[in-house]
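Topology and contacts: notes
If you want the building blocks of each chain, they are given just below.
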Amino acid sequence: MYKHYIEIDQDNYITEAFCNAFRQPTANSICVNEAGGRHFHLQLMDVDGHLCKKWDGLAIIDSVPPLSSVIGKKLGELEDYHYTADEVRRITINSEIKFTTNSQDRALIVEQIINIQQQIDLGTYPVSPKFTYYYSNTSIDLTLDQLKSVYIFCMNTVNQNYQVYQNHREAIKKLTTITKVNNYNFTAKYLKNNNFDLT
């Protein structure tokens, strides 16, 4: 007769399973069968490569919830934050006028740039004087070049935050324990409440 052992991580997920016929236990090993066969095989990972067995103190059980579902939930929270959180989408010009990086606001800037450029090309609008840019209940005097700079700043923010989003997605997928997933801070490294100083 042989003894069967397991070893677990901090979340009680089983990380190793072995028989003392081929390996001797350590202080961290847990004996789960004192009269077993020569071989002890235990499927420790699911099809996604996540640990799927736990030790509840008395027996080996299937993990509930599986790590893959916890990762899926965290990815959903990340996506919601990326696309809806005000702190990620809000931009301020000269600490005065606030707008967001959502597609509607970006489209409004592009539309105004095109309209003013067309008027300049037709000779119906001065080339350099400032105009008043309105957003929500606020306004600011800008030149056309300044408005273009605001749009570039806006798009740079969008692109940088999207890269942060993609990096977080890949990092979350590689986490190996529920504790690591739950403790993962996906708000880190985002550009938040950005201020663009035109002065």
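Residues numbered from 1 in each chain as written. Predicted model: local features only at pLDDT ≥ 70, side-chain atom pairs only at ≥ 80, totals over all residues. Heavy atoms only, no water.

1. Observations regarding the overall build of the protein chain
Of the regular secondary structure elements, the protein chain holds five helices and 10 strands. Relative to the globule expectation of 16 Å for 199 residues, the C-alpha radius of gyration of the protein chain, 28 Å, shows a markedly less compact shape. Each principal axis of the C-alpha atoms in the protein chain carries an extent, and together these give about 95 × 25 × 25 Å. Looking at the protein chain residue by residue over its 199 residues, the buried ones come to 37%. The contacts of the protein chain with a sequence gap of at least 6 include a subset with a gap of at least 24, amounting to 59%. Across the protein chain, the 19 positively charged side chains and the 22 negatively charged ones have centroids separated by 5 Å. (Helix = DSSP H or I, 4+ residues; strand = E, 2+ residues; numbered from the N terminus. Rg over C-alpha atoms; globule rule 2.2 N^0.38 Å. Buried < 20%, exposed > 50% of the residue type's maximum accessible area, 1.4 Å probe, protein only. Contact = heavy atoms within 4.5 Å. Lys, Arg positive; Asp, Glu negative; His and termini not counted. Charge placed at Lys NZ, Arg CZ, Asp CG, Glu CD.)

2. Section: the pattern of salt bridges
A complete count under the given rule lists seven salt bridges for this structure. For D62, the salt bridge is made with K53, and the minimal N-O distance between the two is 2.5 Å. We classify D62 as partly exposed; its relative accessible area is 48%. In this structure, the salt-bridge partner of E77 is K73, at a minimum N-O distance of 2.7 Å. Taken together, the residues span about one helical turn, with E77 and K73 both in helix 1 (residues 67-84) at a distance of four residues. (Salt bridge = Lys/Arg side-chain N within 4 Å of Asp/Glu carboxyl O.)

3. Considering the nonpolar core
Membership of the largest hydrophobic core comes to 18 residues, with the highest contact counts inside it found for I71, L78, Y81, V181 and Y190. With six residues, helix 1 is the largest single contributor of residues to this core. (Core = buried A, V, L, I, M, F, W, Y, C linked by side-chain atoms within 4.5 Å.)

4. Notes on helix 1
For helix 1, built from 18 residues, the straight-helix expectation of 26 Å at 1.5 Å per residue is met to within 8% by its first-to-last C-alpha distance of 26 Å. For helix 1, the set of buried residues is L67, V70, I71, K74, L75, L78, Y81 and H82. Axial view of helix 1: buried residues confined to an arc of 140°, hence all on one face. If you follow the buried residues of helix 1, they end up packed against helix 2 (86-89), helix 4 (144-173) and helix 5 (178-183). (Expected span 1.5 Å × (residues − 1). Arc of directions from axis to C-beta.)

5. Brief notes about the packing of helix 3 (residues 103-121) against helix 4
Contact geometry for helix 3 and helix 4: axes closest at 10 Å, N-to-C directions at 155°. It follows that helix 3 is roughly antiparallel to helix 4 by the angle criterion. Judged by the twist between their axes, the crossing of helix 3 over helix 4 is left-handed. Residues R106, I109, V110, Q112, I113, I116, Q117 and I120 of helix 3 pack against L144, L147, K148, V150, Y151, C154, M155 and V158 of helix 4. Per-class residue counts for the contact of helix 3 with helix 4 are 12 nonpolar, two polar and two charged. (Axes fitted to C-alpha atoms, helices over the stretch in contact; angles between N-to-C directions. Parallel < 35°, antiparallel > 145°, perpendicular 65-115°, else oblique. Left-handed = near helix turned anticlockwise from the far one by under 90°. Nonpolar A, V, L, I, M, F, W, Y, C, P; charged D, E, K, R; others polar.)

6. Observations concerning the packing of aromatic side chains
Taken as a whole and judged by the stated rule, the model has six aromatic pairs. When the centroid spacing of 5.8 Å and the interplanar angle of 70° are considered together, the rings of Y83 and Y165 count as edge-to-face. In this pair, Y83 sits in helix 1 while Y165 sits in helix 4, placing the two residues 82 residues apart along the sequence. Owing to a relative accessible area of 6%, Y165 belongs among the buried residues under this scheme. Considering the side-chain rings of Y162 and Y165, the 5.8 Å spacing of their centres and the 40° angle between planes classify their relative orientation as tilted. (Phe/Tyr/Trp six-rings, centres within 6.5 Å; stacked < 30°, edge-to-face > 60°.)

7. What to know about the environment of L44
Along the chain, L44 falls in the loop between strand 3 (30-36) and strand 4 (53-55). For L44, a relative accessible area of 14% puts it in the buried group. Sequence separation between L44 and D62 is 18 residues; the distance between their C-alpha atoms is 9.6 Å. Beyond its immediate chain neighbours, meaning those up to four positions away, L44 contacts I14, T15, E16, A17, H50, L51, C52 and K53.

8. Concerning the layout of surface pockets
If you add up the space inside the largest pocket, you get close to 190 Å³. Lining the largest pocket, in full, are H82, Y83, V88, R89, T101, N102, S103, R106, V158, N161 and Y162. Counting residues per element, the lining of the largest pocket draws most heavily on helix 4, at three residues. Residue classes in the lining of the largest pocket are distributed as four nonpolar, five polar and two charged. (1 Å grid on protein atoms, 1.4 Å probe; cavity = no way out; pocket = protein on both sides within 12 Å on 5 of 7 lines; lining within 4 Å. Points joined across faces, edges and corners; volume = space filled by probe spheres on them.)

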